[in-house]
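Structural overview for review
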Amino acid sequence: MITSTERVNPLRDPLDRRLPRIAGPCVLVIFGVTGDLSTRKLMPAVYDLANRGLLPPGFALVGFARRDWEHQDFAKIVHDAVQQHARTPFREEVWKQLSEGIRFVSGEIGNDDSVRRLRDTIAELDEARGTGGNHAFYLSIPPSLFQTVVDQLREHGLAEQRYGQWSRVVIEKPFGHNLSSARELNRVVSSVFPSSSVFRIDHYLGKETVQNLLALRFANQLFEPVWNNNYVDHVQITMAEDIGIGGRAGYFDGIGIARDVIQNHLLQLLALTAMEEPTSFQADQLRAEKQKVLAAARPPKRMDLHTTRGRYVGGWQGGKKVLGYLEEKGIPPSTTTETYAAIRVDIDNRRWAGVPFYLRTGKRLARRVTEIALGFKRAPHLPFSSTDTEELGYNALVLRIQPDEGVTLRFGAKVPGTQMEIREVNMDFAYGGSFTESSPEAYERLILDVLLGDPPLFPQHEEVELAWEILDPILDFWASLDTPPDGYEPGGWGPACADEMLARDGHIWRRP
Ligand code: BG6
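Conventions used here
Residues numbered from 1 in each chain as written. Predicted model: local features only at pLDDT ≥ 70, side-chain atom pairs only at ≥ 80, totals over all residues. Heavy atoms only, no water. Helix = DSSP H or I, 4+ residues; strand = E, 2+ residues; numbered from the N terminus. Rg over C-alpha atoms; globule rule 2.2 N^0.38 Å. Buried < 20%, exposed > 50% of the residue type's maximum accessible area, 1.4 Å probe, protein only. Contact = heavy atoms within 4.5 Å. pLDDT = per-residue confidence, 0-100. Axes fitted to C-alpha atoms, helices over the stretch in contact; angles between N-to-C directions. Left-handed = near helix turned anticlockwise from the far one by under 90°. Nonpolar A, V, L, I, M, F, W, Y, C, P; charged D, E, K, R; others polar. Near = heavy atom within 4 Å. Polar contact = N/O pair within 3.5 Å; in protein donor to acceptor, adjacent residues only side chain to side chain. Areas by Shrake-Rupley, 256 points an atom, 1.4 Å probe, with all protein chains shown as cover. Expected span 1.5 Å × (residues − 1). Arc of directions from axis to C-beta. Pairing = 2+ DSSP bridges. Right-handed = clockwise from strand over helix to strand, strands pointing away. Salt bridge = Lys/Arg side-chain N within 4 Å of Asp/Glu carboxyl O. Core = buried A, V, L, I, M, F, W, Y, C linked by side-chain atoms within 4.5 Å.

1. Observations regarding the overall build of the protein chain
Helix and strand content of the protein chain: 15 helices and 18 strands. The globule rule puts the C-alpha radius of gyration for 512 residues at 24 Å, and the 24 Å found for the protein chain is close to it. Referenced to the eigenvectors of the C-alpha coordinate spread, the extents of the protein chain come out at roughly 80 × 60 × 40 Å. Taken over 512 residues, the protein chain has a buried fraction of 54%. Pairs at least 24 apart in sequence give 77% of the contacts found in the protein chain among residues at least 6 apart.

Now the structure itself:
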């Protein structure tokens, strides 16, 4: 028997990543289809996949929600979402084919009649569209409802793994509120679906530039020799947003930005930056390396010195008056939720001992930017007079995840003239300048991988637990403080305490 790791002829491999990968016939059911994620990301991504020819004619999309809609009302909602948010141009013939497989089931989670109607609709589609009995259930709903939904799927025979067919479940972060609730959530889901059928979405892993991190590190000989504590002084991982919480008070307050994005996106970026080379990009090997490095990463010993949090106050941003967090609709005055967080993580292994990884994220900052910056140690000896090199900082390799996707190398160069004066310059790679293809949206890639059953880009439960082990003590420390998070002005780079945190270590934050 040939196992998945022993495939002999890559050209015959249905998962060969050099070939366009087309999903087989199936039904995608979205629970929580009236939510923002579904309208802005999921429906447009389904259309974009269809437009790129990556969905088969037998594909079907089912929305499940509490609305009193007919199939055509839902099709109209999908149509509008596609027109507004799809990445690729609208083509009538693509839409026509897709819309023939669109259905809506009006129902309540927890109501048996509703799930029976869902089951009948799926059976009708299996028959009409030849889906082969393959079904994916996307739970775009609060985690508190997972148990009810997966139990009902089981009771109605929709979670069964029948021979030659598949049934998969897709869940969105947050994967729990802390370590113990993450374990409970996993228990609930895995009591019904085997782990190979559970796809946890962290949409950062679907971003092209995040996958390019693997190419940069492991397809080149140039970077690996300096990718360690002999050369790297410290690493800064930044995810900044210029928006506030918008209408998401109900979700965001009580969660806070550390749970919202550090637990998942930023710790995944850290894992990909710091892990050892996997033997291959097969899911098991990639995940094993991520797990190893997350297990070696630890929260700061001095929480008071190496963690900070803040929340935005009202003011002006980009010429507009904006509300402070406490004035946003639906936020209780007593809240202590943070909208900015910066933490130091150390990795106790031979490669990274002594190299701090600084992670920061915030809402209402100066601009939207995500980047990973490796700051290198200074040259051991500088044969220049101190005035020549006054401007010189440290060499840096910056992976620009978004926007302006690309890579920058910053180093010192001689200023033209008779003096030996050194100044910092940038060497740039920009995706737009080197490739004509535009990057697919993260959700396109991830939904396609779910339908193909291709797991490398989906974190496993073990990674989720390890990430909570890093974050939980920090959240406990913050919860024990009597003071609320420090205020910071909109349109800047966060609270002063975050600058002080880095200054204590002799560093400054980058201003991307
Ligand atoms: C989500 C967070 O996971 O990522 C949001 O819940 C955040 O708070 C969003 O705004 C940012 O995603 P992106 O792809 O725009 O960087």
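2. Re the confidence of the model for the protein chain
Of all residues in the protein chain, 95% attain a pLDDT of 70 or more, and the chain-wide mean is 93. Counting contacts from residues 1-14, a segment whose pLDDT is below 50, to residues more than four positions away or on other chains yields 16 contacts.

3. Concerning the packing of helix 1 (residues 36-51) against helix 3 (residues 92-99)
Following both chains from N to C, one finds helix 1 and helix 3 inclined at 115°, their axes separated by 10 Å at the closest point. The two elements helix 1 and helix 3 cross, and the hand of that crossing is right-handed. Judged by residue contacts, Val46, Tyr47, Ala50 and Asn51 of helix 1 engage Val94, Trp95 and Leu98 from helix 3. A breakdown of the residues in the contact of helix 1 with helix 3 according to their chemical character gives six nonpolar, one polar and no charged.

4. Remarks on the site of the ligand
Lining the immediate surroundings of the ligand are 13 residues, of which Tyr204, Lys207, Glu241, Asp260 and Gln402 lie closest. Contact between the ligand and Glu241: an oxygen atom at 2.6 Å from a side-chain N or O atom of the residue. Within the side chain of Arg248, an N or O atom sits 2.8 Å from an oxygen atom of the ligand. Taken by itself the ligand offers 400 Å² of open surface, and the protein chains cover 83% of this. Among the elements that take part in the shell around the ligand, helix 9 (residues 256-274) stands out by supplying three residues, more than any other.

5. With respect to helix 2 (residues 71-85)
Between its first and last C-alpha atoms helix 2 spans 21 Å; for 15 residues at 1.5 Å apiece the expected length is 21 Å, and the two agree. All of the buried residues along helix 2 are Phe74, Ala75, Val78, Ala81 and Val82. Taken around the axis of helix 2, the buried residues stretch over an arc of 125°, which confines them to a single face. Along helix 2, exposed side chains directed more than 90 degrees from the buried face belong to Gln72 and Gln84. In this fold, the buried residues of helix 2 make contact with helix 1, strand 2 (60-65), helix 3 and strand 3 (102-106).

6. Here's the deal with the pairing of strand 2
Burial analysis of strand 2 places six of its six residues in the buried class, which makes it a mostly covered element. Here strand 2 shows no split at all, with Ala60, Val62 and Phe64 on one side and Leu61, Gly63 and Ala65 on the other all buried. In terms of strand pairing, strand 1 (residues 27-31) meets strand 2 through five bridges, oriented parallel. Among the inter-strand pairings, Val29 is bridged to a residue of strand 2, identified as Val62. Between the parallel pair strand 1 and strand 2, the chain is carried across by helix 1, and the sense of this crossover is right-handed. Here strand 2 runs beside strand 3; their pairing, made up of five bridges, is parallel. Bridged to Val62 within strand 3 is Arg103.

7. Let's talk about the pattern of salt bridges
Within this structure, the stated rule accounts for 34 salt bridges. The partner of Arg103 in a salt bridge is Glu124, and the shortest N-O contact between them spans 3.1 Å. Here Arg103, found in strand 3, pairs with Glu124, found in helix 4 (residues 112-129); they are 21 residues apart in sequence, far enough to count as distant. With a closest N to O distance of 2.9 Å, Asp428 and Arg400 form a salt bridge. Taken together, the residues Asp428 in strand 17 (residues 422-430) and Arg400 in strand 15 (residues 396-402) connect sequence positions 28 residues apart. With a relative accessible area of 54%, Asp428 lands in the exposed category. On the basis of relative accessible area, Arg400 is assigned to the buried category, the value being 16%. A network of salt bridges, in which partner residues are shared, links Arg21, Arg445, Asp449 and Asp454.

8. Structural notes on the nonpolar core
Counting 147 residues, the largest nonpolar core has Phe31, Leu139, Phe357 and Leu359 as its most contacted members. For this core, the element with the most residues is helix 9, which contributes eleven residues. Once you skip the residues sitting within four places of it in the chain, Leu359 turns out to touch Ile237, Ile262, Leu266, Leu267, Leu270, Ala341, Ala342, Ile343, Val345 and Trp509.

9. So, unusual backbone geometry
Of note, the amide linkage connecting Lys173 to Pro174 takes the cis form, showing an omega dihedral of 5°. Its place among the elements puts Pro174 in the loop between strand 5 (167-172) and helix 6 (179-190). In this structure, the amide linkage connecting Gln402 to the following residue, Pro403, adopts the cis form with an omega of -20°. With respect to the secondary-structure elements, Pro403 resides in the loop between strand 15 and strand 16 (406-414). Within the chain, Arg364 stands out as a residue other than glycine whose phi angle is a positive 55°. By relative accessible area, Arg364 is classed as buried at 14%.

10. As for helix 3
What helix 3 keeps buried is the set Val94, Trp95 and Leu98. All buried residues of helix 3 lie within an arc of 95° about the axis, which places them on one face of the element. In helix 3, the exposed positions that point more than 90 degrees away from the buried face belong to Glu92, Glu93 and Lys96. The secondary structure elements touched by the buried residues of helix 3 are helix 1, helix 2 and strand 3.

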